[in-house]
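Examining the three-dimensional arrangement
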Amino acid sequence: MSKKNKYKRKTTTKKSPVVIEGIDKSAFDEEAYSSFMSGSRRIEPPRMITDKQARRGKIIRTLLKIAMIVCTCYWAVFNNILAGIGMVIKPESQIHQYGVPMLIATGIVILASVLVLKNKNIPSIITGAVGMAAVLVIVGNMCDVVDALALSDENFQMMSDIYKKRHNPTMIVALFQVILAVVQYFSYEESVKRAKRRQKKLDEKYAEAPKILDDND
């Protein structure tokens, strides 16, 4: 046999994918599955932090929670809730119709504070944004009404300016909610929880794959 024929490369035919009941066996990476089961494809948790870093993060989150609670109690509860109740119990007021909407919008802002305290970070941001937007729209409508009537207090200060100073700082509550939610979301503890959830889903995915293939063999 000639040297040319001796080292002649063997020709192979490419196997077509085997599809059984809608499952493509060729898409199942057995090597990746074996590597995963051996531990090389495990999701690595976030890097460990020192006790000092953990204490610092806990202190920052605690201070943000205290600041948010104080702001919520002062602007949302004391200013907005009491003002909404005052508008409701005074039917003769020109802004009587905004009492109930103010209470509902402020209740949504307070709910966002409760959610972020329970580590429901993304829902709290969405809820707080909706509540804050509602409060600003209501205050804007109230100011339009009193400006049209040229209402002022005994010191000749326009009522619209008073409403803006009293209710618009509710945005500070929403700001603290967002800051606290972001800090908590990217904290070490929450990152570890998310890594564990992803690992659990990955375990379930690879655990079901061989069962499906065995059932269809």
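The rules behind the values
Residues numbered from 1 in each chain as written. Predicted model: local features only at pLDDT ≥ 70, side-chain atom pairs only at ≥ 80, totals over all residues. Heavy atoms only, no water. Salt bridge = Lys/Arg side-chain N within 4 Å of Asp/Glu carboxyl O. Helix = DSSP H or I, 4+ residues; strand = E, 2+ residues; numbered from the N terminus. Buried < 20%, exposed > 50% of the residue type's maximum accessible area, 1.4 Å probe, protein only. Core = buried A, V, L, I, M, F, W, Y, C linked by side-chain atoms within 4.5 Å. Contact = heavy atoms within 4.5 Å. 1 Å grid on protein atoms, 1.4 Å probe; cavity = no way out; pocket = protein on both sides within 12 Å on 5 of 7 lines; lining within 4 Å. Points joined across faces, edges and corners; volume = space filled by probe spheres on them.

**What to know about the pattern of salt bridges**
As enumerated under the stated definition, the model contains two salt bridges in all. For the salt bridge of R61 with E189, the shortest nitrogen-to-oxygen distance reads 3.7 Å. Of this pair, R61 sits in helix α3 (residues 51-88) while E189 sits in helix α8 (residues 188-215); the two residues are 128 residues apart in sequence, bridging distant segments of the chain. Assessed through its relative accessible area of 35%, E189 is described here as partly exposed. K193 is paired through a salt bridge with E190; the nearest N and O atoms lie 3.5 Å apart. Remark: E190 and K193 occur in helix α8; sequence separation between them is three residues, near one turn of the helix.

**Remarks on the nonpolar core**
Grouped together as the largest cluster of nonpolar side chains are 20 residues, with contacts concentrated most on I95, M142 and Y163. For this core, the elements supplying multiple residues, two or more each, are α3, α4 (99-117), α5 (121-149), α6 (159-167) and α7 (170-185). For this core, the element with the most residues is α5, which contributes seven residues. The residues touching M142, leaving out its near neighbours within four places in the chain, are M87, I95, Y98, M102, Y163 and H167.

**Remarks on the layout of surface pockets**
Counted as a void, the largest pocket has a volume near 350 Å³. If you go around the largest pocket, you meet 15 residues; those closest to its centre are M87, K90, S93, I95 and Y163. Among the elements of the structure, α3, α5 and α6 are those that each provide at least two residues to the lining of the largest pocket. Contributing to the lining of the second largest pocket are I49, Q53, A54, G57, I60, R61, V183, F186, S187, Y188 and E189.

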